[in-house]
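One letter stands for each residue in the lines below.
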Amino acid sequence: MKVAVFGGTGLIGSKVVDLLNTQGHEAVPHSISTGVDVITGEGVDKAMADNDVAINLTNSPTFDAASADFFRTSMDNLVAAADKAGVRHFVILSIVGVDQVPDLDYYRAKALQELILANGPVPYSIVRATQFMEFIDSVLTWTADDETVRLPSTPIQPIAAADVAATVAEVAVGAPINGVLNVGGPDTYPLTELGRITLSAKGDQRTVTIDETAGMFAAAPGDVLTTKGDARIAPTHYLDWLR
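Structural notes, computed from the coordinates. (Residues numbered from 1 in each chain as written. Predicted model: local features only at pLDDT ≥ 70, side-chain atom pairs only at ≥ 80, totals over all residues. Heavy atoms only, no water.)

## Focus on the overall build of the chain
Turning to step 1, where the next piece is worked out: What the chain contains, in helices and strands, is 8 helices and 11 strands.
Turning to step 2, where the next piece is worked out: Whereas a compact globule of 243 residues would reach a radius of gyration of roughly 18 Å, the chain reaches 18 Å, a difference of no more than 12%.
Turning to step 3, where the next piece is worked out: Split into buried and exposed, the 243 residues of the chain put 49% on the buried side.
Turning to step 4, where the next piece is worked out: Just so you have it, the chain exposes about 10800 Å², and 51% of that area is on carbon and sulfur atoms.
Turning to step 5, where the next piece is worked out: Charge separation in the chain, taken as the distance between the mean sites of 16 positive and 30 negative side-chain charges, equals 3 Å. (Helix = DSSP H or I, 4+ residues; strand = E, 2+ residues; numbered from the N terminus. Rg over C-alpha atoms; globule rule 2.2 N^0.38 Å. Buried < 20%, exposed > 50% of the residue type's maximum accessible area, 1.4 Å probe, protein only. Areas by Shrake-Rupley, 256 points an atom, 1.4 Å probe, with all protein chains shown as cover. Lys, Arg positive; Asp, Glu negative; His and termini not counted. Charge placed at Lys NZ, Arg CZ, Asp CG, Glu CD.)

Have a look at this one:
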């Protein structure tokens, strides 16, 4: 298959491109660095032309209210180009529980992205993943000082970026789901415990304290950020990934 991967030079996108090409498909990465701008539309039609599948892995540069404009504009441009090009399958990567955290601007924006795709003319698949293992370090910096890391006890089900990429690549070359596939890591931790495990593995002596108001994930009620039911469970355990 010929696959256009928008955001194809990023953490997930680069892995998806490598996987698909290794499998014998023709996957081409597109990003600002390759002359494709999903906001202005520059290069989008050319990048989309003659492809069987489009994958959108681009992301907003901010997590605030401006993220809604990014996803609205980029999806409008990409869906229109995909329809014009006769693309048969459009895939995006989203977040498990994205429609259940209305207090977060970024989650509302990602839910809008899903809605635009679902209401569009192109057959589609939405892959929702749990929080990436690669981002846990960043999460710990949001509410930390030299001695303490403050975290809520929100349940988190970390997944390796490589496992996310493998799922996206597999879905992309299959039949459109016209719905959602949820995927998460094999283990669930309170974010406070995940913080302690991570700091210990790095020899960081700071103390983790419970603060149910600290950071972005404090806005997630209950266990909405974890998979349920028939979700796919990825193979990589966080402790193995840390090693």
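## Re the pairing of strand S2 (residues 26-30)
Turning to step 1, where the next piece is worked out: Where strand S1 (residues 2-6) lies against S2, 5 bridges are found, and the strand directions are parallel. Pairing of valine 3 across the sheet is with alanine 27, part of S2.
Turning to step 2, where the next piece is worked out: Traced from S1 through helix H1 (residues 11-22) to S2, the parallel crossover comes out right-handed. (Pairing = 2+ DSSP bridges. Right-handed = clockwise from strand over helix to strand, strands pointing away.)

## What to know about the packing of helix H3 (residues 66-85) against helix H4 (residues 105-118)
Turning to step 1, where the next piece is worked out: One can describe the packing of H3 onto H4 by two numbers: an axis separation of 8 Å at closest approach and a directional angle of 15°. Relative to H4, H3 is oriented roughly parallel. Judged by the sense of rotation from one axis to the other, the crossing of H3 with H4 is right-handed. Packed against H3, whose contacting residues are Ser67, Ala68, Phe71, Arg72, Met75, Asp76 and Val79, the element H4 presents Asp105, Tyr106, Ala109, Lys110, Leu112, Gln113, Ile116 and Leu117 at the interface.
Turning to step 2, where the next piece is worked out: Broken down by class, the residue content of the contact of H3 with H4 amounts to 9 nonpolar, 2 polar and 4 charged. (Axes fitted to C-alpha atoms, helices over the stretch in contact; angles between N-to-C directions. Parallel < 35°, antiparallel > 145°, perpendicular 65-115°, else oblique. Left-handed = near helix turned anticlockwise from the far one by under 90°. Contact = heavy atoms within 4.5 Å. Nonpolar A, V, L, I, M, F, W, Y, C, P; charged D, E, K, R; others polar.)

## Here we look at the pairing of strand S4 (residues 89-95)
Within a regular strand, side chains alternate between the sheet's two faces.
Turning to step 1, where the next piece is worked out: For S4, the tally of buried residues reaches 7 of 7 residues, placing the bulk of the element in the interior.
Turning to step 2, where the next piece is worked out: Every second residue of S4 is oriented toward a common face, with His89, Val91, Leu93 and Ile95 on one face and Phe90, Ile92 and Ser94 on the other, all of them buried.
Turning to step 3, where the next piece is worked out: Pairing between strand S3 (residues 53-56) and S4: 4 bridges, direction parallel. Paired with isoleucine 55 across the strands is valine 91, a residue of S4.

## Here's the deal with the environment of valine 5
Turning to step 1, where the next piece is worked out: Note that valine 5 resides in strand S1.
Turning to step 2, where the next piece is worked out: Using a relative accessible area of 0% as the deciding quantity, one classes valine 5 as buried.
Turning to step 3, where the next piece is worked out: Here the alpha-carbon distance between valine 5 and threonine 198, two residues 193 residues apart in the chain, equals 32 Å.

## Some thoughts on H4
Turning to step 1, where the next piece is worked out: For H4, which comprises 14 residues, the first-to-last C-alpha distance of 20 Å matches the rise-based estimate of 20 Å (1.5 Å per residue) to within 8%.
Turning to step 2, where the next piece is worked out: For H4, the full list of buried residues reads Tyr106, Tyr107, Ala109, Lys110, Gln113, Glu114, Ile116 and Leu117.
Turning to step 3, where the next piece is worked out: In this structure, the buried residues of H4 make contact with S3, H3, S4 and strand S5 (124-129). (Expected span 1.5 Å × (residues − 1).)

## Details of the packing of aromatic side chains
Each aromatic ring pair is described using two quantities: the centre-to-centre distance and the angle formed by the ring planes.
Turning to step 1, where the next piece is worked out: The final tally for this structure, using the stated rule, is 8 aromatic pairs.
Turning to step 2, where the next piece is worked out: Both rings, one in phenylalanine 70 and one in phenylalanine 71, keep their centres 5.2 Å apart while their planes meet at 85°; by these two values the pair is edge-to-face.
Turning to step 3, where the next piece is worked out: Looking at phenylalanine 70, the relative accessible area reads 13%, which means it is buried.
Turning to step 4, where the next piece is worked out: Between tyrosine 189 and tyrosine 238, the aromatic rings sit 6.4 Å apart at their centres with planes inclined by 65°, giving edge-to-face as the arrangement. Highlighted residues: tyrosine 189 in strand S9 (residues 189-190) and tyrosine 238 in helix H8 (residues 238-242), separated in sequence by 49 residues.
Turning to step 5, where the next piece is worked out: Judged by relative accessible area, which is 9%, tyrosine 189 ranks as buried.
Turning to step 6, where the next piece is worked out: Residue class for tyrosine 238 comes out buried when judged on its relative accessible area of 2%. (Phe/Tyr/Trp six-rings, centres within 6.5 Å; stacked < 30°, edge-to-face > 60°.)

## A word on the nonpolar core
Turning to step 1, where the next piece is worked out: Counting residues in each nonpolar core, the largest one holds 50 residues, and the members touching the most others are Phe6, Met48, Phe90, Tyr107, Leu117 and Leu225.
Turning to step 2, where the next piece is worked out: Of the residues forming this core, the biggest block, 8 residues, is contributed by H3.
Turning to step 3, where the next piece is worked out: In this view, methionine 48 contacts Phe6, Ala54, Leu78, Ala81, Ala82, Ala85 and Val87; residues no more than four positions away in its chain are not counted. (Core = buried A, V, L, I, M, F, W, Y, C linked by side-chain atoms within 4.5 Å.)

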